[in-house]
2 protein chains.
Amino acid sequence: MATATRDRILETADLLFYQQGFEATSFADIASAVGISRGNFYHHFKTKDDILDGVINRRLANTEQMLDRWEIEGDDPADRIRSFIHILIFNGEKIRKFGCPVGTLSSELAKLNHAAQPNAASLFTLFRNWLRRQFERLGFADKSDELAMHILGRSQGVATLANAFNDDAFLRREVDLMCAWLDDQIGLLRH
Amino acid sequence: MATATRDRILETADLLFYQQGFEATSFADIASAVGISRGNFYHHFKTKDDILDGVINRRLANTEQMLDRWEIEGDDPADRIRSFIHILIFNGEKIRKFGCPVGTLSSELAKLNHAAQPNAASLFTLFRNWLRRQFERLGFADKSDELAMHILGRSQGVATLANAFNDDAFLRREVDLMCAWLDDQIGLLRH
DNA sequence: GACAAAATAGGACAATTGACCTATTTCTTT
DNA sequence: AAAGAAATAGGTCAATTGTCCTATTTTGTC
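What this report covers is the structure whose coordinates are included nearby. (Residues numbered from 1 in each chain as written. Chains lettered and ligands numbered in written order. Predicted model: local features only at pLDDT ≥ 70, side-chain atom pairs only at ≥ 80, totals over all residues. Heavy atoms only, no water.)

What to know about the overall build of chain A
Logical step 1: A tally of regular secondary structure across chain A gives 10 helices and 0 strands.
Logical step 2: Mapped in sequence order, the helices and strands of chain A form the string α-α-α-α-α-α-α-α-α-α.
Logical step 3: Here the C-alpha coordinates of chain A stretch approximately 65 × 35 × 30 Å along the principal axes.
Logical step 4: The buried share of chain A, taken over its 191 residues, is 51%.
Logical step 5: When contacts within chain A are restricted to residue pairs at least 6 apart in sequence, long-range pairs at least 24 apart make up 70% of them.
Logical step 6: For chain A, the exposed area adds up to about 9000 Å²; of that, 50% sits on carbon and sulfur atoms.
Logical step 7: Of note, chain A has its 23 positive side-chain charges centred 3 Å away from the centre of its 27 negative side-chain charges. (Helix = DSSP H or I, 4+ residues; strand = E, 2+ residues; numbered from the N terminus. Buried < 20%, exposed > 50% of the residue type's maximum accessible area, 1.4 Å probe, protein only. Contact = heavy atoms within 4.5 Å. Areas by Shrake-Rupley, 256 points an atom, 1.4 Å probe, with all protein chains shown as cover. Lys, Arg positive; Asp, Glu negative; His and termini not counted. Charge placed at Lys NZ, Arg CZ, Asp CG, Glu CD.)

The following block contains the structure:
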């Protein structure tokens, strides 16, 4: 089963890239973690950039799937935005250890001047557009994209500092502040 | 002049670590950028971690100096906080290219599980304590540290997204929002 | 000016990296 | 069952890495 091995490689590479960073993760790391030889590995991915592309596409697919699920489950756009905000708590432990998977990858690739950086940033775009849609449904019209970017930025900052200080209390406090901010915005809209 | 060479090494390493990342910068990179041989290089710094320590200490000293200057120049704590917020615009170009020097280093070291990560985080602490002091002077008392962390987090998020999207308009918009937030907080305090 | 110490240069080292190659095994299709 | 394709294993390669070593030059001190 070629697909199975390929998927296992991508799953493992995804995890290692997140935990150790892209550059710090070697072929040998991934191959040994998957339990296959480097030769077999190279049969599925010719270059390291191929794996990176595969990992990013995998993340894009998974993220899209998650956002679609959120779109179905409830029908209050505000609740959906709150779901987004609460990922910070849901993934709190990982975030304190390794930061935000999207932000840290984008930052690393930007520094490496890597061709795939815009690809990684498109993960942000997925969240951005989804958030914008929720704000539009709430009636924020033209302001929706700015609000989406605002909340995306706040999340990034929380993740970075929670990681730097390994501070869970800060993370939870800021999640509450972001929810309060959301309520405020909705309140202001009604006048 | 041993000190002169040492300083030139640290200055160059500081820049390269910021632009390329710590791991992606090699001895050879730094030596050739400074214009000295690797042998001479090794005479000043025995290991790569030694350079990292030196760079972080250099940044700590420079940051402390900058904050002290801000403490002297004006006497309105709110203006000082605004000075901090406006670094985002002042260093906008670099931030869009390479992110925040403090946040990206801390993130990278966290992923590398590097012993110097807390050291890098202490750069954040410098800003945190300075901001806390300004809020205390404004009369926020016990809330000062939380407000300091809040504004620190917002800045980090802005830097991360401005870098990911190379978006100058977003950066300026968020700086305005942070200043408005500050005015709000001060307004709320007066009641 | 002699001499010890510091600074500099350049080479050598083992280890690791991404990349590539060629066998062998396994699977699929007929 | 046979044949071709896909998958796997394991070895090789040049390049780079951090580290270390030994000469040579420069500097500072008496």
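Regarding the interface of chain B and chain A
Logical step 1: At the interface, 39 residues of chain B touch 39 residues of chain A.
Logical step 2: Here chain B and chain A share an interface that buries about 3000 Å² over both sides, 61% of which is from carbon and sulfur atoms.
Logical step 3: Among the residues of chain B in contact with chain A, B:K111, B:M149 and B:F165 are the three that bury the most area, contributing 23% of the side total.
Logical step 4: One can count 2 salt bridges joining chain B with chain A.
Logical step 5: Across the pair A:R173 and B:E146 runs a salt bridge whose closest N-O atoms are separated by 3.6 Å.
Logical step 6: Counting across the chain B and chain A interface gives 10 residue pairs in polar contact (both at pLDDT 80 or more).
Logical step 7: Where the side of chain B that touches chain A is concerned, the elements lending two or more residues are α1 (2–20), α6 (92–98), α7 (101–111), α8 (117–138), α9 (144–165) and α10 (168–189) of chain B.
Logical step 8: In terms of residue count, the dominant contributor to the side of chain B that touches chain A is α9(B) (13 residues). (Buried area = accessible area lost by both parts, 1.4 Å probe. Salt bridge = Lys/Arg side-chain N within 4 Å of Asp/Glu carboxyl O. Polar contact = N/O pair within 3.5 Å; in protein donor to acceptor, adjacent residues only side chain to side chain.)

Some words on the pattern of salt bridges
Logical step 1: Counted according to the given criterion, the structure contains 24 salt bridges over all chains.
Logical step 2: Here B:R80 ties to B:E71 by a salt bridge, and the two come within 3.7 Å at their closest N and O atoms. Here the two residues B:R80 and B:E71 agree in accessibility, since each one is buried.
Logical step 3: Residues participating in the shared-partner salt-bridge network are A:E71, A:R80, A:R133 and A:R137.

Quick look at the packing of helix α8 (residues 117–138) of chain A against helix α9 (residues 144–165) of chain A
All names here are of chain A.
Logical step 1: Packing of α8 against α9 leaves a shortest axis separation of 8 Å and a crossing angle of 130 degrees. Considering their axes alone, α8 and α9 lie oblique with respect to each other. Once α8 is placed against α9, the crossing between them reads as right-handed. Two secondary-structure elements touch here, α8 through F124, F127, R128, L131, R132, F135 and E136 and α9 through S144, D145, L147, A148, M149, I151, L152 and Q156.
Logical step 2: Split into classes, the residues belonging to the contact of α8 with α9 amount to 9 nonpolar, 2 polar and 4 charged. (Axes fitted to C-alpha atoms, helices over the stretch in contact; angles between N-to-C directions. Parallel < 35°, antiparallel > 145°, perpendicular 65-115°, else oblique. Left-handed = near helix turned anticlockwise from the far one by under 90°. Nonpolar A, V, L, I, M, F, W, Y, C, P; charged D, E, K, R; others polar.)

As for unusual backbone geometry
Residue and element names in this part refer to chain B.
Logical step 1: We note that N113 has phi near 55 degrees; this positive angle belongs to a residue other than glycine.
Logical step 2: Phi at A141 is positive, roughly 50 degrees, even though this residue is not glycine.
Logical step 3: Along the polypeptide, A141 turns up in the loop between α8 and α9.

Focus: the side chain of A:E71
Residue and element names in this part refer to chain A.
Logical step 1: Along the chain, E71 turns up in helix α4 (residues 48–73).
Logical step 2: Taking relative accessible area as the criterion, E71 reaches 19% and is therefore assigned buried.
Logical step 3: A polar atom in the side chain of E71 sits 2.5 Å from the side chain of R137.
Logical step 4: When near neighbours in sequence (up to four residues on either side) are disregarded, E71 contacts R80, W130, R133, Q134 and R137.

A short note on the environment of A:K48
Residue and element names in this part refer to chain A.
Logical step 1: Here K48 shows up in helix α4.
Logical step 2: In this structure, the C-alpha to C-alpha distance between K48 and T25, residues 23 residues apart in sequence, is 9.9 Å.
Logical step 3: A polar contact of 2.9 Å, which involves the side chain of K48, links it to the backbone oxygen of T25.

Considerations on the side chain of A:T63
Logical step 1: Tracing the sequence through the fold places A:T63 in helix α4.
Logical step 2: With sequence-adjacent residues up to four places away left out, A:T63 is seen in contact with A:L123, A:L126 and A:F127.

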